[in-house]
Amino acid sequence: DTINTRSVTVQSTDSLVLNTGIQWTARGNVTLTGAGTYMTFNDGSIFEILSPGPGDYGLIISSGGSFNATGLPASRVTLRSSSQGARGYVVLQSGSYSAFDYCNITNFGYSQSGNPATDTRYGVCIDALNGGSAQGSPGVYFTNCNIYNNYVGLFFKNASNNIGSPDITTEGVITSNIY
């Protein structure tokens, strides 16, 4: 099954779950915002951003939001920007929690300004997100993920305490640089 949407905002303790094997194509921003909100992508699901221009649309996890993408070794979650046209982006903002396990993350990002101090659309941007001491606290976690063909694989902008167990684990393949 395939779901096509424009912009989607999940807010105020709401949730969104992408079930096993479902493809979701978004032609607009997908934003998770507010304390107690969560979004879950299950094994075999595909999430795709179709952006009409470079960096027009993205997946944005705001403060208080909790995002989980959990695949299986033989049934990964795929997050991608369409290879047909411009690239979207992913931003994990301060105070959010995100966990990626058995995911393929591909084809995101571009350089908006050419200035890393102001740009958040390089690919997967960890933006002022300071890692916590345990899973469930603010931070970002990658395990068993393939991160490839992005403008920049993982871009840490004003972020600290995210490299090293348990805050960020990159046990899969990253074929772009980490900045």
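Residues numbered from 1 in each chain as written. Predicted model: local features only at pLDDT ≥ 70, side-chain atom pairs only at ≥ 80, totals over all residues. Heavy atoms only, no water.

For the rest of this paragraph, the subject is the packing of aromatic side chains. Applying the stated criterion across every chain yields a total of seven aromatic pairs. On the numbers, 5.1 Å between centres and 85° between planes, the contact of phenylalanine 41 with phenylalanine 67 is edge-to-face. On the criterion of sequence distance, the pair formed by phenylalanine 41 in strand β6 (residues 38–42) and phenylalanine 67 in strand β9 (residues 66–70) is long-range, its members being 26 residues apart. Ring centres of phenylalanine 100 and phenylalanine 142 lie 4.6 Å apart, and the angle between their planes is 5°; on these two criteria the pair is classed as stacked. Of the two residues, phenylalanine 100 is situated in strand β12 (residues 97–101) and phenylalanine 142 in strand β15 (residues 139–143); the sequence distance between them amounts to 42 residues. Each member of the pair phenylalanine 100 and phenylalanine 142 is classed as buried. Clustering of aromatic rings is evident, with ring pairs tying together Trp24, Phe41, Phe47, Phe67, Phe100 and Phe142. (Phe/Tyr/Trp six-rings, centres within 6.5 Å; stacked < 30°, edge-to-face > 60°. Helix = DSSP H or I, 4+ residues; strand = E, 2+ residues; numbered from the N terminus. Buried < 20%, exposed > 50% of the residue type's maximum accessible area, 1.4 Å probe, protein only.)

Bringing the confidence of the model for the chain into the picture now. Detailed reading of the predicted model is not advised wherever pLDDT is low. Chain-level pLDDT for the chain is 79 on average; 75% of the residues reach the 70-or-more range. Across the chain, strand β4 (residues 23–26) holds the top mean pLDDT of 95, while strand β18 (residues 173–174) sits lowest at 48. (pLDDT = per-residue confidence, 0-100.)

Turning next to the sheet that holds strand β5 (residues 30–33). Taken in spatial order, the six strands make up an open sheet running β2-β5-β8-β11-β14-β17, and their pairing is parallel. Lying at the two open borders of the sheet, with one neighbouring strand each, are β2 (8–11) and β17 (152–157). Mean inter-strand twist for the sheet, computed between neighbouring axes without regard to direction, equals 10°. Two elements, β2 and β5, share four bridges in a ladder whose sense is parallel. Bridging across to β5, valine 10 finds its partner in leucine 32. (Pairing = 2+ DSSP bridges. Axes fitted to C-alpha atoms, helices over the stretch in contact; angles between N-to-C directions.)

Once that is clear, we can look at the pairing of strand β7 (residues 46–49). Of the pairings in the sheet, the one linking β4 to β7 comprises four bridges and is parallel in character. Among the inter-strand pairings, alanine 26 is bridged to a residue of β7, identified as isoleucine 49. Relative to strand β10 (residues 77–81), β7 runs parallel, the two being bridged by four bridges. Note that in β10 the partner of isoleucine 49 across the bridge is serine 81.

Quick look at the sheet that holds β9 now. Taken in spatial order, the five strands line up as β3-β6-β9-β12-β15 in an open sheet, and their pairing is parallel. Each edge of the open sheet is held by one strand with a lone partner, namely β3 (15–18) and β15. Across this sheet, the average inter-strand angle for adjacent strands is 5°, counted without regard to direction. As paired elements, β6 and β9 share five bridges and run parallel to each other. The residue of β9 that forms the bridge with tyrosine 38 is serine 66.

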